[in-house]
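Summary of structural features
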Amino acid sequence: MKFYISTSGIKKVTISSSGKGAPATASRRVSSRTFLPVVLVLGILLPFLFVRIAFLVLESATACSSTIDCIGWRFFRGSDSSLLRDELTRALAEATEGNVNNEEVNDSFNELVKDMTSKRQDLKAFAFKTKAMLSRMEQKVQSARQRESIYWHLASHGVPKSVHCLCLKLAEEYAVNAVARSRLPPPEYVSRLSDPSFHHLVLLTDNVLAASVAVSSTVQNSANPEKLVFHIVTDKKTYTPMHAWFAINSIKSAAVEVKGLHQYDWSQDVNVGVKEMLEIHRLIWSYYYNNLKEQDFEYNGEPKRYLEALSPSCLSLMNHLRIYIPELFPDLNKIVFLDDDTVVQRDISPLWDLDLEGKVIGAVNSLCGNDCCPGRKYKDYLNFSYPIISSNFDPDRCAWLYGMNVFDLEAWRGSNITASYRHWLKLSLQAGLALWYPGVIAPSLMAFEGHVHPIGPSFHVDGLGYRNPEVDRELLEAATVIHFSGPAKPWLEIALPEVRVLWNKHVNSSNKFIKKCRIMG
């Protein structure tokens, strides 16, 4: 028998049979139309058949005593992927309910594959090892997020070099320049300081740059700037640079008074009350900070509550003195209070025309009706596990916003708000310092209970100092006052650029001290 393949290609195969002295008995031809489809089909089926056999060998390695018998049984009975799916489902269900061995956790997927193939383990072992590896990875990711959040908050505690430089330059200017020491306000404006026909604004701050932005933005957007009177109270160390700034950069239309705490002559009762207040707030801060430190700064639950313990504002004298505003300004009856991290975008004159209906404080309470809150609720500030808290307050009640408020000081003096504030501080001390989370807002919510008059939501939009402020763009642009409450103050590098620009445009970038200290507005 001989095979002949033509040189022009595999077009035909001639099979002939011949012998010496014998005639050919048969001749058959196989055409390419029959040969090629057979080759293609075999080329497709054979790899699948190989993979199928290999899969069955691996699957039956631990389940059958005889691999050949198991392969034959599964192969001829038509086993398909549903069998593997059922076994994998059972293995995952057992892994979900069972406990994992954290001592035998693979650090990577490659190690897991190597471990499974070298020890020839079954699907159940694979499920448990995968669960252990994913659990460890989740813990690492969560820990990294918590650490990153801690570091982000810590970054908000420092004073930027440029801001510190500004204070030093202004203090030096106060010492050598008589203009920087000139009287504030000028003699012709002194009568305005207690005149009720003017619009009085109060800032308690030790930040010169922040105060300059709050004042300048208010004046620029005021319909009647000549009616504005600013009362800025600061501490002793900041008094000279604060005075120098507003003396050199005088505002011709408005009156600005800068006063240091060392210039007040308070009664013994007020002095004792302030010292007790600061000491108790310091103890509350230490309580939460030490608890967080003992946990190696690994917290469980709502991060914002615990990270408040790291905020320097919890210990700031200027921050806590707002409860003593009636004592700071005994000659004033109605004021607008501004935090130093605010920017005024609209004319705020209508605030003095508001009728508080006998209440002490006017504050934004809700942005969208009774079913939602602009910021947090009472349960975000107070510890409702204590009966004295749960019996007096509603945990789901919206907390009013602090930072831009209208105060009727005459009504305040006729109330027991300050005494109530001090009473709650003492109760917190007696209860182990855990009645509320650190900060000035929690005791203020309790002290002003029943004395708050809600004002329009467009007057005050806060929360711009957090990473992802949930503020509608239209509401932000329409707001009278925007408030950078939160760790990311606009003068810090961690501030969100999208909202920081709203603050930067009010920085006096042409000022020589701003230029020298490289404060970028």
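Per an unreviewed UniProt entry, the protein chain carries the name Hexosyltransferase and comes from Ziziphus jujuba. Its UniProt record, at the heading Subcellular location (unreviewed entry), says of the protein chain: "Golgi apparatus membrane". Under the UniProt heading Pathway (unreviewed entry), the note attached to the protein chain is "Glycan metabolism; pectin biosynthesis."

Here's the deal with unusual backbone geometry
Here the bond from Leu-184 into Pro-185 is cis, since omega is -10°, no more than 30 degrees from zero. Its identity as a non-glycine residue notwithstanding, Arg-518 has a phi of 55°, on the positive side. Relative to the elements of secondary structure, Arg-518 occurs in the segment after helix H19 (512-516). The exposure class of Arg-518 is exposed, given its relative accessible area of 70%.

Things to note about the side chain of Lys-489
Along the chain, Lys-489 falls in the loop between strand S13 (481-483) and helix H18 (497-504). Of note is the side chain of Lys-489, whose polar atom sits 3.2 Å from the backbone oxygen of Gly-486. Sequence-distant contacts of Lys-489, that is, excluding residues within four places in its chain, are made with Asp-341, Phe-484 and Ala-495.

Things to note about the sheet that holds strand S4 (residues 199-204)
As a general point, the strands of a sheet are linked pairwise by backbone hydrogen bonds and lie either parallel or antiparallel. Read across the open sheet, the seven strands follow the order S6-S5-S4-S7-S10-S9-S11; overall the sheet is mixed. In this open sheet, the two edge strands, each paired with only one partner strand, are strand S6 (255-260) and strand S11 (452-455). Averaged over all adjacent pairs, the angle separating strand axes in this sheet is 25°, with direction ignored. Of the pairings in the sheet, the one linking strand S7 (residues 334-338) to strand S10 (residues 404-408) comprises five bridges and is antiparallel in character. Along S10, the bridge assignment pairs Lys-334 with Asp-408. Sheet strands touched by helix H7 (residues 208-220): S4, strand S5 (228-234) and S7. Its angle to S5, the strand with the most contacts, is close to 170°. The sheet contacts of helix H8 (residues 236-248) involve S5 and S6, and relative to S6 the element is tilted by about 160°.

Re the state of the cysteines
Under the criterion given, the structure shown has one disulfide. Between the sulfur of Cys-165 and that of Cys-517 lies a disulfide, 2.1 Å long from S to S. As the torsion about the S-S bond is roughly -75°, the Cys-165-Cys-517 disulfide counts as left-handed. Highlighted residues: Cys-165 in helix H6 (residues 161-176) and Cys-517 in the segment after H19, separated in sequence by 352 residues. The same class applies to Cys-165 as to Cys-517, namely buried. No disulfide involves Cys-167; its nearest neighbouring cysteine sulfur is the one of Cys-517, lying 8.8 Å away.

Here's the deal with the pairing of S4
S4 sits mainly inside the fold: six of its six residues count as buried. Burial of S4 is two-sided: the residues His-199, Leu-201 and Leu-203 facing one way and the residues His-200, Val-202 and Leu-204 facing the other way are all buried. Direction of pairing for S4 relative to S5: parallel, over a ladder of six bridges. Bridging across to S5, Val-202 finds its partner in His-231. Regarding topology, H7 serves as the crossover connection from S4 to the parallel S5, and that connection is right-handed. Where S4 lies against S7, two bridges are found, and the strand directions are parallel. Looking at S7, one finds that Leu-201 is bridged to Val-336.

Let's talk about the environment of Ile-519
Of note, Ile-519 is situated in the segment after H19. The buried category is assigned to Ile-519, whose relative accessible area is 9%. Taking C-alpha positions, Ile-519 is 9.8 Å from Asn-504, a pair spaced 15 residues apart along the chain.

Cut-offs and rules
- Residues numbered from 1 in each chain as written.
- Predicted model: local features only at pLDDT ≥ 70, side-chain atom pairs only at ≥ 80, totals over all residues.
- Heavy atoms only, no water.
- UniProt positions renumbered as here; feature names shortened; annotations may be inferred.
- Helix = DSSP H or I, 4+ residues; strand = E, 2+ residues; numbered from the N terminus.
- Buried < 20%, exposed > 50% of the residue type's maximum accessible area, 1.4 Å probe, protein only.
- Polar contact = N/O pair within 3.5 Å; in protein donor to acceptor, adjacent residues only side chain to side chain.
- Contact = heavy atoms within 4.5 Å.
- Pairing = 2+ DSSP bridges.
- Axes fitted to C-alpha atoms, helices over the stretch in contact; angles between N-to-C directions.
- Disulfide = S-S within 2.5 Å.
- Right-handed = clockwise from strand over helix to strand, strands pointing away.

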